[in-house]
Amino acid sequence: MNSPDPKHYLLAVTRLHRKRPVVTTRAVYNVQGVKLLDQGVGVDERLYERLTQHRLLQPVDECLASEPAVTGRVLREAAQEALQRWDFFARMLAAAKTREVVLHALESTPLPAPVAFSLTLARESYPALFDHSVLAAITAGYLVWTPVASRHDVAVAVAAGLLHDLGMLYADPVLWQPEHLLNSEQRRQLYVHPVTGALLAERHHEYPKDVVRAILEHHELLDGSGYPRALRAEAIGPLGRVLAVAEVTTAMFKCESDPPELRLSLALRMNRDRYDATLLSDIVRLLEPGVREALARVPCRGDALPRLRELADVLGQWREVAACTGLPDEQARTAVARTQEQVDRVLRSMAGAGVSAEQLAWLSRESIDDAVAAELTLVGREAAWQARAVVRFLRRQWRPSRGVPLTPAIDAWQARLSEACEQWLAGGEPARSVGG
């Protein structure tokens, strides 16, 4: 793996200096051996250009420190605060033994100085990322803790959950702004952040290979629609499957105004074939209390029915578009075939939630009460997230950078689908995942 580009990481570091001192723990050299900074120098925004104009000899996180740094005690306190804030996670660790095992594993996670600095940077500059990491650690530990599991198993899972998204510190921060439409470079950063995170963990012998592999696989999905390697089923390691469930679970818990348990329940119903069924059953059981109450508080869209029909119609047009299109080469034909699988998966997902094209045709505005409107609103949002992922999947598979653009018919179809998705997702809808 190549070293990640540190420009976004360095920008966050230099801005952190506004809040607290950041100093070099060793002299900083470029790859030609030229000293850029002495040991003990404060790093602020005035040094950003100097540092980003050079390839550094050492990884940047190995050269910096800021006190007080994140420690095991800080992590435990953050977890305890999360348990007080979110009833769902409190239920997760309701059993005293489970709570003690998971929190002890979190507090005992090895924190080499570069990792402690990165977690400190996340906590101070990107608190949503830090909170997400702590919740993912809790969730991974809970999912692994079974009657036959050892404390070591839990410790490995907790470490993987805690570190899984540190690669996002090297990505453009706009990835965390849900209303921002990503350009191709930003999408590339999103798809590569698991690779970056695995590279960061791999440098430290304190973390076993299972942790590194799980970080690399935390966005892989059983149906092959994940990234960065589009792995399928058994090709994904056991801990990678755990992190995938921890990722989708914790992504819903960001702000008090949303009904996260209801959103998560719906997301899991519509994505059963993407995640390990045994792990999902553990999460679904925890979701049952309060879901019906949350449904009553969902703000409903008055146009949910026509918008859902439009989304289903555009998805249903793919097979005809693909069949009537002259494809330039074998790679394009493979991209179309794999996209067909993803379109079919979304349509099956919608049908499983009661909103297939046929089911939608039976509904009328007069037959929709508040409960149905709330359900349609949530289903529509989730379906739009999935459909937008299909567009991105198609682009990744086709790889326009080869110099072979999408055919006019396919390009027009993906534009229609993108527009239908944005009708649902525009206007500040919270992001599904801190890591994408």
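Residues numbered from 1 in each chain as written. Predicted model: local features only at pLDDT ≥ 70, side-chain atom pairs only at ≥ 80, totals over all residues. Heavy atoms only, no water.

Enquirer: Quick question: what am I supposed to make of the packing of aromatic side chains here?
Expert: The geometry of an aromatic ring pair comes down to the distance between the two centres and the angle between the two planes. Inspection of the entire model under this criterion finds 8 aromatic pairs. Aromatic side chains Tyr-9 and Phe-117 sit 6.4 Å apart centroid to centroid with 50° between the ring planes, which places their arrangement in the tilted category. Within this pair, whereas Tyr-9 is found in helix H1 (residues 7-16), its partner Phe-117 is found in helix H6 (residues 113-125), the two being separated by 108 residues in sequence. Aromatic ring contacts, followed pair by pair, group Trp-86, Phe-88, Phe-89 and Phe-253 into a single cluster. Cation over ring: Arg-396 sits above Tyr-191, and NZ or CZ is 4.3 Å from the ring centre. (Phe/Tyr/Trp six-rings, centres within 6.5 Å; stacked < 30°, edge-to-face > 60°. Helix = DSSP H or I, 4+ residues; strand = E, 2+ residues; numbered from the N terminus. Lys NZ or Arg CZ within 6 Å of the ring centre and 35° of its normal.)

Enquirer: Sorry, what's going on with the side chain of Ser-66 here?
Expert: The topology assignment puts Ser-66 in the loop between strand S4 (64-65) and helix H3 (72-85). One polar contact links Ser-66 to Arg-20, side chain to side chain, over a distance of 3.3 Å. (Polar contact = N/O pair within 3.5 Å; in protein donor to acceptor, adjacent residues only side chain to side chain.)

Enquirer: Explanation requested: the environment of Ala-361 in the structure shown.
Expert: With respect to the helices and strands, Ala-361 occurs in helix H18 (residues 357-362). Sequence-wise, Ala-361 and Leu-305 are 56 residues apart; in three dimensions their C-alpha atoms are separated by 9.4 Å.

Enquirer: How should I be thinking about the environment of Asp-165 in this particular structure?
Expert: In this structure, Asp-165 sits in the loop between helix H8 (151-163) and helix H9 (184-202). Remark: the alpha-carbon pair of Asp-165 and Ala-251, spanning 86 residues in sequence, is separated by 12 Å. Looking at Asp-165, its side chain comes within polar contact range of the side chain of His-218, at 3.3 Å.

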